[in-house]
Amino acid sequence: MWDYTEKVREHFLNPRNVGEIPDADAVGEVGSLACGDALKLYIKLDDNKERIVDAKFQTFGCASAIASSSALTELIKGKTLDEALATTNQEIADFLGGLPEEKMHCSVMGQEALEVAIAKYRGGPVPSHHDHGHEETEGEIVCKCFGLTDTFLRKVIEANKLTTAEQVTHFTKAGGACGGCIPKIKEIISEVLGAKPVEERKKPEKLTNLRKMQLIQEVLEKDVRPMLWADGGDLELVDISGNEVQIAFRKACAGCASSGNTARFVEMKLRELVADDIVVQEVEG
Amino acid sequence: MKEIYMDNNATTKVDEAVFEEMRPYFCELYGNPSSMHFFGGQVQKKVDEARNRVAALMGAAADEIVFTACGTESDNAAIRSALEVYPERRHIITTRVEHPAVLTLCRNLSKRGYRVTELNVDGEGRLDLDELRRAVDEDTAVVSVMWANNETGVVFPIEEVGKIVKEKGKGAFFHTDAVQAVGKIPINMAASTVDMLSISGHKLHAPKGIGVLYVRKGVPFRPFMVGGHQEHNRRAGTENTAAIIALGKACELAGQWMEDENTRVKAMRDRLQASLLELIPRARINGGQAERLPNTLSIAFEFVEGEAILMLLSEKGICASSGSACTSGSLEPSHVLRAMGVPFTCAHGSIRFSLSRFNTDEEIDTVIRELPPIIRRLREMSPFGREFLNA
């Protein structure tokens, strides 16, 4: 049995602020059924849109996930958005008198939902760490099982001063399923610790036309489409002519208002990994 | 708070009669059965009696019983022995749903050059015998297939498996982890294809720390633990006399209670299952269409997470277990549920109730009363559950 503190138990058995806010100013959603936990956070601001007057949550997950959500809402009520944004996952854990290390990912989930909610409200880029639940993903997916990016892992490693892959699993879940990404996690840790620079995936110096086409296909298959799938979207490669890459959006991406952004994202990826001069064109097809 | 214990596939209460049987062998009759004096000799007699009682429960001969320290040791000893007997063979067959005692060993062996076939199961947890038929070859040293699954209670057709192993394998050994089966369903080694079989004492109301490896007469055996001559050179180490004597008594009682297990206990399980399905929407039975142990119910609830259910049940004194990730410290649902392809919407919300002869109808009533509001409460709290409740 987990050695939960009395406070964790109490917040699990009597969680504060469960529910929805129908006219919420900000909503942040992270996690999924497949991952085993998910949190939807609702925030209501005062009339000046400065201070959080109410916060509610809905959580699918274990006792510590529910307790962490409850703690989060208690911590941010009455704070300005900037003050709330400064809340760390460690503060959530501390509020509960600590969490077993294996359960620290629950506190991280709380902080994540908060960041997402506020970023969405402010209309800036949404700091998406998971490849689901958000419109786009920054960074590269490291943990395929839980869809976690290097950007996200780096941030959690830095904030919590993690030094082992096991800790990273406890705080983020990364590496906790198939374990295939553990070597990569170790690389990221040493990178963060400044121990050794990691070899980056570089675009090749010179390309034959054939190789370029193959590479474009590879990047679309491995780096782009899996991210679109996560949001129920997809794309198809229609044609390649010189530096021009024609794609057609499918499923949720087809007719999506932000498909222009997605096309730019695809272009960015291809420029980063194939060649600087690639132009992506969206075509009907 | 009085506990309602429904986690008997994890461990069981030591039957008080079993405890009384073992009690004198700590402070009074503490002799070593190997000693030449009367004081050890009288313990030897009780150990022999225990061996006979264990053999009787499973239709075996007394000299086919080897006492070990636990089910895991028995599993390890059986598989490693088979590999030593056939040093030139490099193939092991097992299933994806085995207990870690077998699965982890096989996976470790696969890193050391063995070819391991893990047989698949269908959505109900049933074995594909055709897959087994295709897998067994002359390179196969051992086939290890559990008799009954600890998480779902699904019972495998052991004799059909054994027949295939004997027909298709060139003398490949057939081992079964019967830790969950022995004492719950009748088994008869006198008319069986099984070469080696593992038992764990604490699953049938004996104490922890005692196990049995059945080794069929004539089956060559290479011991895992070497040292003294105990257990006819098949398992070195001074006998855990008190626990052996306890296990003998527990096996005798299991034989006497076998009918109760398969009638009254089964009826309680069936009633619990039917009532929960009726009272809780979006619930499904894991392995419900397969042949199952009479005491086990694995039930999955959509949109909620297992650990949270268990903790709320625990508040009511109800002890069950879960196939969910969070309870074990792992991050994925159990390998058994994943092998069965249980939909991810409910894999995290699977709960196992495993009954014993000590459970009562009143306890079943309590669970039927307490569980539905717990599921409702967690669904109201869950973003997915709410969508479903509102729909």
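Rules used in this analysis
Counting restarts for each chain, with residues numbered from 1 along the sequence as it is written. Here chains are named by letter from A upward and ligands by number from 1 upward, in the order in which they appear as written. At least 70 in pLDDT is required for a residue's local features to be given in this predicted model, at least 80 for side-chain atom pairs to be given and counted, and no such filter applies to totals for whole chains, interfaces and linings, which use all residues. Put simply, DSSP marks the helices as runs of H or I at least four residues long and the strands as runs of E at least two long, and each gets a number from the N terminus on. Radius of gyration here uses only the C-alpha atoms, and the compact-globule reference equals 2.2 Å multiplied by the residue count raised to the power 0.38. Here a residue counts as buried when 20 or more other C-beta atoms sit within 10 Å of its C-beta, as exposed when there are 12 or fewer, and as partly exposed otherwise, the C-beta atoms being derived from the backbone. Here, residues touch in the contact sense if the C-beta positions derived from the backbone fall within 7 Å of one another. UniProt positions are given in the numbering used here, feature names are shortened, and annotations may be inferred rather than shown by experiment. One bridge is not enough; two strands pair if DSSP finds at least two bridges between them. Under this scheme, a helix contributes an axis fitted over its contacting stretch, all axes are lines through C-alpha atoms, and angles between N-to-C directions fall in the 0 to 180 degree range. What fixes the domain bounds is an automatic or database domain assignment. In the scheme used here, Gly and all other residues not listed as nonpolar or charged are polar, with Ala, Val, Leu, Ile, Met, Phe, Trp, Tyr, Cys and Pro taken as nonpolar and Asp, Glu, Lys and Arg as charged. By the definition adopted for this analysis, an angle is roughly parallel if under 35 degrees, roughly antiparallel if over 145, roughly perpendicular if from 65 to 115, and oblique otherwise. Take the far helix as your reference; a near helix turned counterclockwise from it by less than a right angle gives a left-handed crossing, and one turned clockwise gives a right-handed crossing.

Can you tell me about the overall build of chain B, naming the residues and giving the values?
Across its full length, chain B carries 15 helices and 13 strands. In terms of overall size, chain B behaves like a compact globule, its C-alpha atoms giving a radius of gyration of 22 Å where 391 residues would be expected to give roughly 21 Å. Counting only C-alpha atoms and orienting by the principal axes, one finds that chain B spans roughly 75 × 50 × 35 Å. Burial statistics for chain B: of 391 residues in total, 54% are counted as buried. Here the analysis covers contacts within chain B between residues at least 6 apart in sequence; of these, 72% occur between residues at least 24 apart.

Tell me about the UniProt feature "domain: NIF system FeS cluster assembly NifU N-terminal" (unreviewed entry) in chain A, and name the residues and values.
The UniProt record marks residues 4–123 of chain A with the feature "domain: NIF system FeS cluster assembly NifU N-terminal" (unreviewed entry), using the residue numbering of this structure. Across residues 4–123 of chain A, the secondary structure splits into 44% helix and 21% strand, with the terminal C-alpha atoms separated by 38 Å.

Which residues make up the sheet that holds strand E3 (residues 52–60) of chain A, and what values go with them?
All names here are of chain A. Strand order in the open sheet formed by 3 strands is E1-E2-E3, with antiparallel pairing between adjacent strands. Each edge of the sheet is formed by a strand with only one pairing partner; in this case those strands are strand E1 (26–32) and E3. Each strand axis lies, on average, 10° off the axis of its neighbour in the sheet, ignoring direction. Note: strand E2 (residues 37–45) against E3, 8 bridges, orientation antiparallel. Bridge pairing in E3 links Ile43 to Ala55. Docked against the sheet, helix H2 (residues 63–76) engages E2 and E3, running at close to 175° with respect to E3. In this fold helix H5 (residues 104–122) packs onto E1 and E2, with an angle of close to 140° to the strand it touches most, E1.

Can you tell me about the domain arrangement of chain B, naming the residues and giving the values?
All names here are of chain B. One can read the domain layout of chain B as domain 1 (4–10 + 257–390) and domain 2 (16–253). Inter-centroid distance (C-alpha atoms) of domain 1 to domain 2 is 29 Å. Every contact between the two is made by 23 residues of domain 1 and, on the other side, 21 residues of domain 2. Among the secondary structure elements, those contributing two or more residues to the side of domain 1 that touches domain 2 are helix H9 (241–279), strand E10 (296–301) and helix H12 (335–339). Class assignment of the residues belonging to the side of domain 1 that touches domain 2 gives a composition of 8 nonpolar, 11 polar and 4 charged.

Any chance you could break down the packing of H9 of chain B against helix H14 (residues 361–381) of chain B for me, citing the residues and the numbers?
Residues and elements named next belong to chain B. Where H9 meets H14, the axes come as close as 10 Å, and the angle between the chain directions of the two elements is 20°. In terms of orientation, H9 and H14 fall into the roughly parallel class. For the element pair H9 and H14, the recorded crossing hand is right-handed. Between H9 and H14, the residues in contact are Met268, Arg271, Leu272, Ser275, Leu276 and Leu279 and Asp361, Ile364, Val367, Ile368, Leu371 and Pro372, respectively. Tallied by class, the residues present in the contact of H9 with H14 amount to 9 nonpolar, 1 polar and 2 charged.

I'd like to hear about the pairing of strand E7 (residues 244–251) of chain A, residue by residue, with values.
All names here are of chain A. Both strand E6 (residues 233–241) and E7 contribute to a ladder of 8 bridges, which runs antiparallel. Counted as the bridge partner of Leu237 is Ile247 from E7. Where E6 folds back onto E7 in an antiparallel hairpin, the turn is made up of 2 residues, including Gly242, whose phi is positive at roughly 60°. Relative to strand E8 (residues 279–282), E7 runs parallel, the two being bridged by 4 bridges.

Explain the UniProt feature "binding site: Fe cation" (unreviewed entry) in chain A residue by residue, including any values.
Residue and element names in this part refer to chain A. Taken from the UniProt record, the annotation "binding site: Fe cation" (unreviewed entry) applies to Cys35, Cys62 and Cys106. The greatest C-alpha distance among the annotated residues, which extend across 72 residues, is 11.9 Å, indicating that they converge on a single site. One can find Cys35 in the loop between E1 and E2. We classify Cys35 as buried; it has 26 C-beta atoms within 10 Å. Tracing the backbone through its elements, the reader meets Cys106 in helix H5. Among the residues examined, Cys106 registers 32 C-beta atoms within 10 Å and is labelled buried. With residues near it in sequence (within four places) discarded, Cys106 still touches Gly61, Ser64, Ala65, Ser68 and Leu99.

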